Amino acid sequence: MKLILLTVFIWGSILVSQAVPVMFKPQPHKIEKTKGSQWFTDTLFSKSFGENRLLTIYLPKGYKTKHTYPVIYMTDGQLLVESYVRSIDSLIDKEIIPEIVLIGVHSDETLIPSMGLEYRNFEYIKNLYGGKDALNLRFDKHFQFFTSEVFEYVEKNFSVSSKKEDRTFYGISNGSDFGVTVAQDKPDLIANYILCSIVSGSKEAFSWTKDNCPRFFLATGDQEDEMVQDEAKRLGAYLAKISVPFQLEFYHGGHERKKWEKQFIATLPKVYGKKL
């Protein structure tokens, strides 16, 4: 019960419900020829959900279809706002990081009135309530959508690398919980995980080895709920046990969007620069 209450309070207090998009099979966004970076919303019809899902996409300045870019896949893609774009542009302009493509996969913030939860909670947390009812099956649908449909669509329509070492995952709050599960169930899919404020992590025992474990860049606030801080420590302890280098930072603050954004931007040079 503590997990559910914490999840609802943390996220429900800062996000607003959004309307479900009208269902149709859209055409891919037309890439513009521009000297500046591009930042736009795209629509992808999900076979798993049988509905449209939204993507917010960042393309670097001078984006070229003949060039292959490293790519970041982000949960809660609706949070990919202009301040992110300005900061990423600055890092690229200063040659601190390479040119990258960022794919923000929107979450479904539609409220379930009878439960006080959002569909997002069930899509990010594996077996949240237990059982195989329609709500709990949303996790399986979202897992298939994110790790298969989104990757296939992005690699077909944008010039991004399909190599594990060129893929990075970025998640916050329950989006970080989802990241832990993706890393656990598909360790060969993504090389780097930037995870801020893991709430519940994985209910299953960690099973990575030194040979197949991704790189983790973990962060949580020193004013977070104790449970949230403990999840980051628990994952860090396991990584230390199997002798895998990792980053764990405690920033000053709590469960805050701007703190996550700042942490993400500060971590990018470490992902694309020197090894841990």
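Model, not experiment: these values are computed from the prediction.

S.K.: I'd like to hear about the side chain of Asp76, residue by residue, with values.
M.R.: With respect to the secondary-structure elements, Asp76 resides in the loop between β3 (71-74) and α2 (82-93). Only 2.8 Å separates the side chain of Asp76 from the side chain of Arg120, close enough to count as a polar contact.

S.K.: Which residues make up the packing of aromatic side chains, and what values do they have?
M.R.: Under the criterion given, the structure shown has 23 aromatic pairs. When the ring of Tyr193 is compared with that of Phe216, the centres are 5.5 Å apart and the planes differ by 25°; the resulting orientation is stacked. A residue pair is termed long-range when its members are at least 10 positions apart, and Tyr193 in strand β8 (residues 192-196) and Phe216 in strand β9 (residues 215-221) qualify at 23 residues. On the basis of relative accessible area, Tyr193 is assigned to the buried category, the value being 0%. For the cation-ring pair, Arg53 lies above Phe49, with the distance from its terminal atom to the ring centre recorded as 4.3 Å.

S.K.: Before we move on, could you go through the nonpolar core and cite the residues and values that matter?
M.R.: Core analysis: the biggest nonpolar cluster contains 44 residues, and Tyr73, Ile103, Val150, Phe158, Trp208, Phe216 and Leu235 have the highest contact counts within it. The greatest single-element share of this core, amounting to 8 residues, is contributed by helix α4 (residues 134-157). In this structure, Tyr73 is in contact with Ile103, Phe146, Val150, Phe151, Val154, Glu155, Val160, Arg167, Thr168, Phe169 and Tyr170, ignoring residues within four places of it in sequence. Listed in part, the 25 residues of the second largest apolar core include Ile72, Leu80, Cys196 and Ile265.

S.K.: Before we move on, can you summarise the side chain of Ser159 with the specific residues and values?
M.R.: Residue placement: Ser159 occurs in the loop between α4 and β7 (167-172). Beyond its immediate chain neighbours, meaning those up to four positions away, Ser159 contacts Tyr63, Lys64, Thr65, Lys66, His67, Thr68 and Tyr69.

The rules behind these values
- Residues numbered from 1 in each chain as written.
- Predicted model: local features only at pLDDT ≥ 70, side-chain atom pairs only at ≥ 80, totals over all residues.
- Heavy atoms only, no water.
- Helix = DSSP H or I, 4+ residues; strand = E, 2+ residues; numbered from the N terminus.
- Polar contact = N/O pair within 3.5 Å; in protein donor to acceptor, adjacent residues only side chain to side chain.
- Phe/Tyr/Trp six-rings, centres within 6.5 Å; stacked < 30°, edge-to-face > 60°.
- Buried < 20%, exposed > 50% of the residue type's maximum accessible area, 1.4 Å probe, protein only.
- Lys NZ or Arg CZ within 6 Å of the ring centre and 35° of its normal.
- Core = buried A, V, L, I, M, F, W, Y, C linked by side-chain atoms within 4.5 Å.
- Contact = heavy atoms within 4.5 Å.

By themselves, these are just geometric observations and shouldn't be taken as functional.
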